[in-house]
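# Structural overview for review
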Amino acid sequence: MGESMTFAAAPRLSINSRSLTRSSAATCMRVLIIGGDGAIGRALKDRLESRQDTVFFTTRRSVPAHGNAVHLDLASSNAATTRLPQVDVAYFCAAITGFAACRNNKELGERVNFFVPSALARRLAGAGSRVVFLSSNAVFDWSEPHVPASREPRPRTEYGLFKAKAEKEFSALGSVASIVRLSKVLRSDDRLFTGWINDLNQKKNITAFSDHHLAPISLAETIEALVAISQSPDSGMFQMSGA
């Protein structure tokens, strides 16, 4: 864990971890996506279904419109005991990602980003599933570049703190758990940048951050890496950022 590697399927993507070893005979899997309504969850679902995998996904909608949808609100009092399907791999994509949202409601942020995912992961791992937790480079303090995966987390935000605490719980599950630390994942229609473009086209002023730097990765690259992890017998800590 913590060695340097380059993910060959996406040459602009740098992952700090051990090399991924692809399974020689990939078979169709049963997969659960915690957070199927989010951008990453939706894209991952589409990609896995294109491989003919059977994909279950959670949604906060009270009446799911899809047969494989599972109602789950991580903020609810009974979320940790929600009945989940038996699967080969479970991806944890749901989170409260806003720094301000986690700072302004620490109890909710900790529940959604740490307590409930950790409890669900223990149940799934106990039932024989592999679990993949989507974490963040916010577990570090951004004081230096190219931080190795083996470095102890030093978060500066509540969001980063909750992710770091969840990482520890997932790591305790052993070889059935993989943790993927992501930098900023961007879509082609990202609202922040499309909003800036629209405002600039209308001769409006925009307000940008001056104290936060990004090494963004595309949504497509992120999805391909997550699929590769599900196909590989390797586990552990993976770090993804723009090279």
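Everything below is about the structure printed above this text.
To start, this report covers the structure provided alongside it. Bear in mind the structure is a predicted one, so any value in this text is a computation, not a measurement.

Moving on, we get to the overall build of the chain. Summing up its helical and strand segments, the chain has six helices and 11 strands in all. A buried classification covers 44% of the 243 residues belonging to the chain. Counting every atom, the chain has about 12800 Å² of accessible surface; 50% of that belongs to carbon and sulfur.

Another point: the pairing of strand S3 (residues 30-34). Burial runs high along S3: four of the five residues are buried. Taken together, the four bridges between S3 and strand S4 (residues 54-59) define a ladder with parallel strand orientation. Residue pairing for S4: Arg-30 is matched across the bridge by Thr-54. Remark: the S3/helix H1 (residues 39-50)/S4 crossover connection has right-handed handedness. As paired strands, S3 and strand S6 (residues 89-92) are joined by four bridges and run parallel to one another. For Ile-33, the partnering residue across the bridge sits in S6 and is Tyr-91.

A few words now on the nonpolar core. In this structure, Leu-32, Phe-92, Leu-124 and Val-131 are the most contacted members of the largest nonpolar core, which totals 29 residues. Listing elements by their share of this core, those giving two or more residues are S3, S6, helix H3 (106-126), strand S7 (130-136), helix H4 (158-171) and strand S8 (177-182). If you tally residues by element for this core, the top one is H3, at six residues. In this view, Val-131 contacts Ala-90, Phe-92, Ala-121, Leu-124, Ala-125, Phe-170, Leu-173, Val-176, Ala-177 and Ser-178; residues no more than four positions away in its chain are not counted. Membership of the second largest hydrophobic core comes to 26 residues, among which are Cys-93, Ile-217, Leu-219 and Ile-223.

A few words on the side chain of Ser-183. Mapped onto the secondary structure, Ser-183 falls in the loop between S8 and strand S9 (185-186). Filtering out sequence-adjacent residues up to four positions away, Ser-183 remains in contact with Asn-137, Ala-215, Pro-216, Ile-217, Met-240, Ser-241 and Gly-242.

Among the seven residues of S7, seven are classified as buried, and the element is accordingly described as predominantly covered. Covered by surrounding structure in S7 are Arg-130, Val-132, Leu-134 and Ser-136 together with Val-131, Phe-133 and Ser-135, the residues of both alternating faces. In the sheet, S6 pairs with S7 via four bridges, with the strands oriented parallel. Residue pairing in the sheet places Phe-92 in a bridge with Phe-133 of S7. As defined by bridge partners, S7 adjoins S8 across six bridges and the pair is classed as parallel. Bridging from a neighbouring strand, Ser-136 pairs with Leu-182 of S8.

Reading the values: the criteria
- Residues numbered from 1 in each chain as written.
- Predicted model: local features only at pLDDT ≥ 70, side-chain atom pairs only at ≥ 80, totals over all residues.
- Heavy atoms only, no water.
- Helix = DSSP H or I, 4+ residues; strand = E, 2+ residues; numbered from the N terminus.
- Buried < 20%, exposed > 50% of the residue type's maximum accessible area, 1.4 Å probe, protein only.
- Areas by Shrake-Rupley, 256 points an atom, 1.4 Å probe, with all protein chains shown as cover.
- Pairing = 2+ DSSP bridges.
- Right-handed = clockwise from strand over helix to strand, strands pointing away.
- Core = buried A, V, L, I, M, F, W, Y, C linked by side-chain atoms within 4.5 Å.
- Contact = heavy atoms within 4.5 Å.

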